[in-house]
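# What the coordinates show
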2 protein chains.
Amino acid sequence: MIDSEVVRALMRRKSIRKYKPDMPSDEVIGAVVRAGMQAPFASQLYSVVLSKDRKRNAFGAPLQFVVCADCHKLRLFMRERGWGLVSNDLTMLLFAVQDASYMAQNMVIAAESLGMGSCYLGGALGVAAHLKKQLGLPGKVFPFVMLAMGYPAEDPPVRPRYPIDFVLFEGKYPRLGRKEVRRAMEAMDAYYLETGYYRNLNAKIRLEKGRRETFTYDDYTWTEHISRKWGQWHPDIGEQLKQLDACGFNLTEKKRKRNKKNRK
Amino acid sequence: MIDSEVVRALMRRKSIRKYKPDMPSDEVIGAVVRAGMQAPFASQLYSVVLSKDRKRNAFGAPLQFVVCADCHKLRLFMRERGWGLVSNDLTMLLFAVQDASYMAQNMVIAAESLGMGSCYLGGALGVAAHLKKQLGLPGKVFPFVMLAMGYPAEDPPVRPRYPIDFVLFEGKYPRLGRKEVRRAMEAMDAYYLETGYYRNLNAKIRLEKGRRETFTYDDYTWTEHISRKWGQWHPDIGEQLKQLDACGFNLTEKKRKRNKKNRK
């Protein structure tokens with residue numbers, strides 16, 4: 001079995017939703033963020049805004065980072081050099097979300113190695129405009145995920161993943177038949193049922209549009225949970241476009257042309 | 001100084017552009033990908049397509065992964081459960097790029113711990129439609145980055161980053177004045193000049209639209225390099241929208257409505 005200290009640490013990782021009140025020292029926070037920054041990047045298109053307000057932070061965590069795709073600092077130094085940002089907002093966004101994601105994931109791993117736990121919170125995507133106001137974000141800064149962090153007050157089991165042959169493909173992407181799909185579903189669902197995961201969290205997602213509930217916690221699984229999210233939530237692309245637009249990323253061709261005109 | 005084995009490993013990390021011909025064993029590849037998969041996720045919206053063809057891979061690396069934001073597998077198991085994907089393509093894309101980025105960054109770190117090096121290649125974004133054909137990607141799979149990997153045949157120095165107070169902000173995003181911006185630029189540029197980084201790579205980016213070259217490798221720096229990228233490349237959002245559209249992610253409101261009609 002191929003292995004390393006680091007691989008073992010990565011394999012042990014789980015999200016933490018209960019935290020001790022202890023505030024990590026500035027040195028610990030600095031080490032985590034600095035290790036984050038050392039991740040590979042396209043152009044260091046990232047910022048993190050830290051809240052130490054346990055009353056406001058998710059799970060009462062001592063630390064909560066708002067992770068931002070940041071093209072503002074790029075613009076500032078381009079201006080110093082006599083350049084204007086010409087690349088379109090969609091390409092920039094896709095590079096910046098990567099830069100910031102690689103950084104955040106390094107932070108997650110660094111934190112674990114220093115005895116802390118963490119949990120990503122995907123909700124930022126839908127309230128980006130609100131976060132912009134709250135945190136005073138300048139234009140071209142898109143807060144896309146939050147990261148709670150601190151010393152863990154729980155030790156949950158490691159959660160399962162798909163079988164590796166449902167993720168790693170060699171040469172070409174294969175045709176995935178019902179057999180492969182059902183096997184991947186079962187690999188996930190068995191664990192959640194056995195451990196009573198959703199029962200313990202009381203986390204069944206409500207059915208909308210008059211759909212009748214036929215599931216109990218005896219058969220409510222990970223794939224059912226995920227299906228209810230993506231089968232019901234965020235139908236309106238206009239809403240997501242608006243959140244991005246409020247943060248200075250205009251993803252529609254029409255808008256881009258109007259903006260071009262305004263600049264002249 | 002706060003520290004850990006893992007933090008030191010993260011801080012040592014650098015991109016590798018020269019590889020030994022040795023092919024990593026299937027066990028090593030499996031450990032790397034499996035450690036990647038254990039990263040936190042929204043819905044495991046990721047796939048990696050591996051090429052072991054050194055002649056085709058960047059830098060002649062023995063391994064090259066095409067990292068994909070993958071909502072196809074989600075759709076397959078939702079269908080098994082009697083659900084249809086309702087969430088809009090932009091929100092899905094933003095979640096999926098995160099899932100796949102967290103996974104890829106875990107792979108980078110796992111690989112280092114097993115003696116390998118790696119390098120991200122951002123070019124996938126602009127040739128996604130081509131990669132889709134080449135790799136037989138189904139709809140709702142967007143290849144957004146490539147990752148070269150193998151045993152390193154070079155040992156370059158670690159590259160610098162912004163000062164931490166240009167990235168980590170507490171409470172609010174500050175107003176960044178010229179002083180802060182110039183200090184961040186110098187932190188980056190000094191290293192690149194001192195080590196002759198761009199001279200050694202002979203990597204000056206060509207000036208377009210009749211702009212006259214006034215820089216030599218004596219004053220061509222990181223911020224100049226980056227400014228030439230984002231000040232000249234990828235002006236057309238329509239091109240990026242087209243690449244996404246070819247992969248089944250329709251980011252325009254108009255298109256979404258048309259698709260809705262077709263589905264009825």
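Residues numbered from 1 in each chain as written. Chains lettered and ligands numbered in written order. Predicted model: local features only at pLDDT ≥ 70, side-chain atom pairs only at ≥ 80, totals over all residues. Heavy atoms only, no water.

## With respect to helix α3 (residues 72-80) of chain A
For α3 of chain A, the full list of buried residues reads His72, Lys73, Leu74, Leu76, Phe77 and Met78 of chain A. Gly82 of chain A sits one or two positions beyond α3 of chain A and adopts a positive phi of about 80°. (Buried < 20%, exposed > 50% of the residue type's maximum accessible area, 1.4 Å probe, protein only. Helix = DSSP H or I, 4+ residues; strand = E, 2+ residues; numbered from the N terminus.)

## Overview of the packing of aromatic side chains
Here the structure, examined in full by the defined rule, presents 28 aromatic pairs over all chains. Between Trp222 of chain A and Phe77 of chain B, the aromatic rings sit 5.6 Å apart at their centres with planes inclined by 45°, giving tilted as the arrangement. With Trp222 of chain A in helix α8 (residues 222-230) and Phe77 of chain B in helix α3 (residues 72-80), the pair connects residues from two separate chains. The two residues Trp222 of chain A and Phe77 of chain B agree in class, both being buried. Ring geometry for Tyr191 of chain B against Tyr192 of chain B: centres 5.2 Å apart, planes inclined by 80°, an arrangement best described as edge-to-face. There is no split in this pair, since Tyr191 of chain B and Tyr192 of chain B are both buried. Grouped by ring-pair contacts, the aromatic residues Tyr191, Tyr192, Tyr197, Tyr198, Tyr217 and Tyr220 of chain A constitute a single cluster. When the ring centre of Phe249 of chain B is taken as origin, the NZ or CZ atom of Lys140 of chain B, which lies over that ring, is 5.8 Å away. (Phe/Tyr/Trp six-rings, centres within 6.5 Å; stacked < 30°, edge-to-face > 60°. Lys NZ or Arg CZ within 6 Å of the ring centre and 35° of its normal.)

## A few points about the nonpolar core
Residues Phe65, Phe142 and Phe144 of chain A together with Phe65, Phe142 and Phe144 of chain B are the most contacted members of the largest nonpolar core, which totals 191 residues. Every residue in contact with Phe65 of chain B, bar those within four places of it in the chain, is listed here: Leu168 of chain A together with Ile29, Val33, Val48, Val49, Leu50, Met107, Val145, Met146, Leu147 and Met149 of chain B. (Core = buried A, V, L, I, M, F, W, Y, C linked by side-chain atoms within 4.5 Å. Contact = heavy atoms within 4.5 Å.)

## Description of unusual backbone geometry
All names here are of chain A. The phi dihedral of Gln44 is positive, around 50°, even though this residue is not glycine. When you line up the elements, Gln44 lands in the loop between α2 (26-37) and β1 (46-51). Positive phi, normally seen in glycine, also occurs at Lys209, with a value near 55°. With respect to the element layout, Lys209 can be found in the loop between α7 (197-201) and α8. Residue classification places Lys209 among the exposed residues on the basis of a relative accessible area of 81%.

## Some details on empty space enclosed by the protein
Counted according to the given criterion, the structure contains two cavities of 30 Å³ or more. Quantified by volume, the largest cavity comes out at close to 60 Å³. If you go around the largest cavity, the residues you meet are Val6, Gln38, Ala39, Pro40 and Asn106 of chain A together with Ala9, Leu10, Arg13, Gln105, Ile109, Glu112 and Ser113 of chain B. With four residues, helix α4 (residues 89-113) of chain B is the single largest residue contributor to the lining of the largest cavity. Considering only enclosed or pocket space, the second largest cavity measures out at about 50 Å³ in volume. Considering the residues around the second largest cavity, the lining is formed by Ala9, Leu10, Arg13, Gln105, Val108, Ile109 and Glu112 of chain A together with Asn106 of chain B. In terms of residue count, helix α4 (residues 89-113) of chain A provides more of the lining of the second largest cavity than any other element does, four residues in total. When grouped by side-chain class, the residues that make up the lining of the second largest cavity number four nonpolar, two polar and two charged. (1 Å grid on protein atoms, 1.4 Å probe; cavity = no way out; pocket = protein on both sides within 12 Å on 5 of 7 lines; lining within 4 Å. Points joined across faces, edges and corners; volume = space filled by probe spheres on them. Nonpolar A, V, L, I, M, F, W, Y, C, P; charged D, E, K, R; others polar.)

## Describing the relation of the copies chain A and chain B
Overlaying chain A on chain B yields an RMSD of 0.0 Å, the required transformation being a rotation through 180° with an accompanying axial translation of 0.0 Å. Such a combination of rotation and displacement between the chain copies is what one expects of a two-fold axis. (Least-squares fit on C-alpha atoms with pLDDT ≥ 70 in both.)

## Thoughts on the domain arrangement of chain A
Much of the literature gives interface size as the accessible area that the parts lose upon coming together. You can read the domains of chain A as domain 1 (5-155 + 236-263) and domain 2 (164-230). On a C-alpha basis, the centroid separation for the pair domain 1 of chain A and domain 2 of chain A is 28 Å. (Domains from an automatic or database assignment.)

## A few points about the side chain of Asp89 of chain A
Residue and element names in this part refer to chain A. Along the chain, Asp89 turns up in helix α4. Overall, the relative accessible area of 10% leaves Asp89 in the buried class. In terms of polar contacts, Asp89 uses its side chain to reach the side chain of Lys140, at 2.7 Å. Polar side-chain contacts of Asp89 include one of 2.8 Å to the backbone nitrogen of Asn250. (Polar contact = N/O pair within 3.5 Å; in protein donor to acceptor, adjacent residues only side chain to side chain.)

## Let's talk about the sheet that holds strand β2 (residues 63-70) of chain A
Ordered by their spatial adjacency, five strands build an open sheet running β3(A)-β4(A)-β2(A)-β1(A)-β5(B), and the pairing between neighbours is mixed. What marks the edges here is a single partner per strand, and that holds for β3 (117-121) of chain A together with β5 (168-170) of chain B. Here the average twist between neighbouring strands, direction ignored, is 25°. The pairing of β1 of chain A with β2 of chain A spans six bridges and is classified as antiparallel. The residue bridging Val48 of chain A from the neighbouring strand is Val67 of chain A, located in β2 of chain A. Those strands touched by α4 of chain A are β1, β2, β3 and β4 (141-150) of chain A, and its axis lies near 5° from that of β4 of chain A. (Pairing = 2+ DSSP bridges. Axes fitted to C-alpha atoms, helices over the stretch in contact; angles between N-to-C directions.)

## Details of the pairing of strand β4 (residues 141-150) of chain B
All names here are of chain B. For β4, the tally of buried residues reaches 10 of 10 residues, placing the bulk of the element in the interior. Looking at chain direction, strand β2 (residues 63-70) and β4 are connected through eight bridges and run antiparallel. For Ala69, the partnering residue across the bridge sits in β4 and is Phe142. Summarising the sheet, strand β3 (residues 117-121) and β4 pair through five bridges and their orientation is antiparallel. Directly across from Tyr120, in β4, lies its bridge partner Leu147.

## Some thoughts on the interface of chain A and chain B
Every contact between the two is made by 127 residues of chain A and, on the other side, 126 residues of chain B. Note on chain A versus chain B: buried area summed over both sides is about 11,600 Å², and carbon and sulfur give 67% of it. Taken together, the links from chain A to chain B amount to 10 salt bridges. Across the contact surface, chain A and chain B share 52 residue pairs in polar contact (both at pLDDT 80 or more). Considering every element that reaches the side of chain A that touches chain B, the biggest residue donor is α4 of chain A, with 16 residues. Here the residues of the side of chain A that touches chain B are counted per class, giving 71 nonpolar, 31 polar and 25 charged. As defined by bridge partners, β1 of chain A adjoins β5 of chain B across three bridges and the pair is classed as parallel. Across the sheet, the residue bridging to Val49 of chain A is Phe169 of chain B, located in β5 of chain B. (Buried area = accessible area lost by both parts, 1.4 Å probe. Salt bridge = Lys/Arg side-chain N within 4 Å of Asp/Glu carboxyl O.)

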